[in-house]
Amino acid sequence: MTSTGAIKVLGIGGSLREGSQTERALRVALAGAADAGAETSVICGQALNLPFYDAVAVERTPEAGALVEAIREADGLIVVSPGYHGALSGLIKNALDYIEDLRSDRRPYLDGRAVGSIGVAHGWQAAVTTLDQLRTITHALRGWPTPLGGAVNTGEVKFDDHGGTSDEKVEHTLRLIGTQVTDFARHRA
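Per-chain numbering applies: the sequence of each chain, read as written, is numbered from 1 onward. Given that the model is predicted, a residue must reach a pLDDT of at least 70 before its local features are reported, and side-chain atom pairs must reach 80 or more before they are shown or counted; all residues, however, enter totals for whole chains, interfaces and linings. Side-chain metrics rest on all non-hydrogen atoms present in the structure, leaving aside hydrogens and water.

**Describing helix 2 (residues 62-73)**
- Numbering of helices and strands starts at the N terminus; helices are DSSP runs of H or I of at least 4 residues and strands are runs of E of at least 2. By this rule the span expected of a helix is its residue count minus one, scaled by 1.5 Å. Taking 1.5 Å per residue, twelve residues should reach 16 Å; helix 2 reaches 16 Å between its end C-alpha atoms and fits that length.
- All of the buried residues along helix 2 are Ala64, Leu67, Val68 and Ile71. All buried residues of helix 2 fall inside an arc of 95° around its axis, so they share one side.
- Here the buried face of helix 2 lies against strand 1 (8-13), strand 2 (39-44), strand 3 (76-84) and helix 3 (90-97). Accessible area is worked out with a 1.4 Å probe on protein chains only. A residue is then buried under 20% of its type maximum, exposed over 50%, and partly exposed in between. This arc corresponds to the set of directions leading from the helix axis out to the C-beta atoms. By definition, residues are in contact when any of their heavy atoms lie within 4.5 Å.

**Brief notes about the packing of aromatic side chains**
- To pair, rings of Phe, Tyr and Trp, with the six-membered ring standing in for Trp, must have centres within 6.5 Å; the planes then decide the type, stacked if under 30 degrees apart, edge-to-face if over 60, and tilted in the middle. Taken as a whole and assessed by the stated rule, the structure comprises two aromatic pairs.
- Seen in terms of ring centroids, Tyr53 and Tyr98 are 5.0 Å apart; in terms of plane orientation they differ by 80°. Their pairing is edge-to-face. In this pair, Tyr53 is assigned in the loop between strand 2 and helix 2 and Tyr98 in the loop between helix 3 and strand 5 (114-121), connecting sequence segments 45 residues apart.

**Focus on the packing of helix 1 (residues 21-35) against helix 5 (residues 168-188)**
- Helix 5 packs onto helix 1 with a crossing angle of 50° between their chain directions and a minimal axis gap of 7 Å. With respect to helix 5, the element helix 1 is oriented oblique. Here helix 1 runs over helix 5; the crossing is right-handed. For the pair formed by helix 1 and helix 5, the contact residues are Ala25, Val28, Ala29, Ala31, Gly32, Ala33 and Asp35 on the first element and Glu171, Leu174, Arg175, Gly178, Thr179 and Thr182 on the second.
- Residues are sorted three ways: Asp, Glu, Lys and Arg are charged, Ala, Val, Leu, Ile, Met, Phe, Trp, Tyr, Cys and Pro are nonpolar, and all the rest, Gly among them, are polar. Residues of the contact of helix 1 with helix 5, tallied by class, amount to six nonpolar, four polar and three charged. All axes are obtained by fitting lines to C-alpha atoms, using only the stretch in contact for helices, and the reported angles, taken between N-to-C directions, cover 0 to 180 degrees. When an angle is under 35 degrees it counts as roughly parallel; over 145 it counts as roughly antiparallel; between 65 and 115 it counts as roughly perpendicular; any other value is oblique. The hand of a helix crossing depends on one turn: near helix anticlockwise from the far one by less than a right angle means left-handed, and clockwise means right-handed.

**Let's talk about the nonpolar core**
- What we call a nonpolar core is a set of buried Ala, Val, Leu, Ile, Met, Phe, Trp, Tyr and Cys residues that are connected through their side-chain atoms within 4.5 Å. Formed by 27 residues in total, the largest nonpolar core has its most connected members in Ile12, Leu67, Ile71, Leu77, Leu96 and Ile99.
- Not counting residues up to four positions away in its chain, the partners in contact with Ile12 are Leu26, Ile43, Leu48, Leu67, Ile71, Leu77, Ile78, Val79, Val80 and Ala95.
- Core analysis: the second largest hydrophobic core is formed by 22 residues, Ala29, Ile78, Val152 and Ile177 among them.

**So, empty space enclosed by the protein**
- A cavity here means a set of 1 Å grid points, computed over protein atoms only, where a 1.4 Å probe fits but cannot escape. A pocket is an open set with protein on both sides within 12 Å along at least 5 of 7 lines, and lining residues have an atom within 4 Å of a point. Grid points are joined across faces, edges and corners, and a volume is the space filled by probe spheres set on the points. A full pass over the atoms with the stated rule returns one cavity of 30 Å³ or more.
- For the largest cavity, the full set of lining residues is Val79, Leu96, Ile99, Leu110, Val115, Ser117, Leu134, Ile137, Thr138 and Leu141.
- Secondary-structure elements contributing two or more residues to the lining of the largest cavity are strand 5 and helix 4 (124-140).
- A total of three residues in the lining of the largest cavity trace back to one element, the largest contributor, which is helix 4.
- Looking at the lining of the largest cavity, its residues break down into eight nonpolar, two polar and no charged.

**Here's the deal with unusual backbone geometry**
- One non-glycine residue with positive phi stands out, namely His85, at about 55°.
- When you line up the elements, His85 lands in the loop between strand 3 and strand 4 (87-88).

**Examining the pattern of salt bridges**
- Any carboxyl oxygen of Asp or Glu that lies within 4 Å of a side-chain nitrogen of Lys or Arg is treated as forming a salt bridge with it. In the structure shown here, the tally under the stated rule is nine salt bridges.
- The network of salt bridges with common partners includes Glu69, Arg72 and Asp105.

**Topic: the pairing of strand 1**
- Across the six residues that make up strand 1, a large majority, five, are buried.
- As defined by bridge partners, strand 1 adjoins strand 2 across six bridges and the pair is classed as parallel. Residue pairing for strand 2: Gly13 is matched across the bridge by Cys44.
- Pairing of strand 1 with strand 3 involves five bridges; the strand directions are parallel. By the bridge assignment for strand 3, Leu10 is matched with Leu77. A strand pair is defined by DSSP finding two or more bridges across the two strands.

Quick look at the structure:
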């Protein structure tokens, strides 16, 4: 928690395309976290265009260092990945690999932190398998996946430039994921 007592929720996701449907889904979930009282921040798009993670290297680019520090300081995370060929994107996987830098921290990896996971793809199969992979990675990193995860089929749901969706149920689900991350972090504090 911050010195003001606020819960810090970090959003990671999107693609290299600014304003992607994945990034917009992330921002809806973060709005739910903010409405629940969290301080939110986001790392997406070009900020995730990092060198391939190398566990042996000790030097990090400023962008990679900022990602690791933001994760270290977060009370909870929301991770959203596009589904490419039935799997999460290499961009998001590489960003999550940098969590290995937290292995020796007081709170190693994602220990004790809620993680909301959302898969976004043009089709249900890829959206659901991406969500499943994000939840599996969260478990491997000692995080706590929220009870509700999100699978968004962009063949059926569209996001607008103002943070809205074409499907009220999807918007409710994404916002609820942000609320769950915040509530879990508050109870852990």
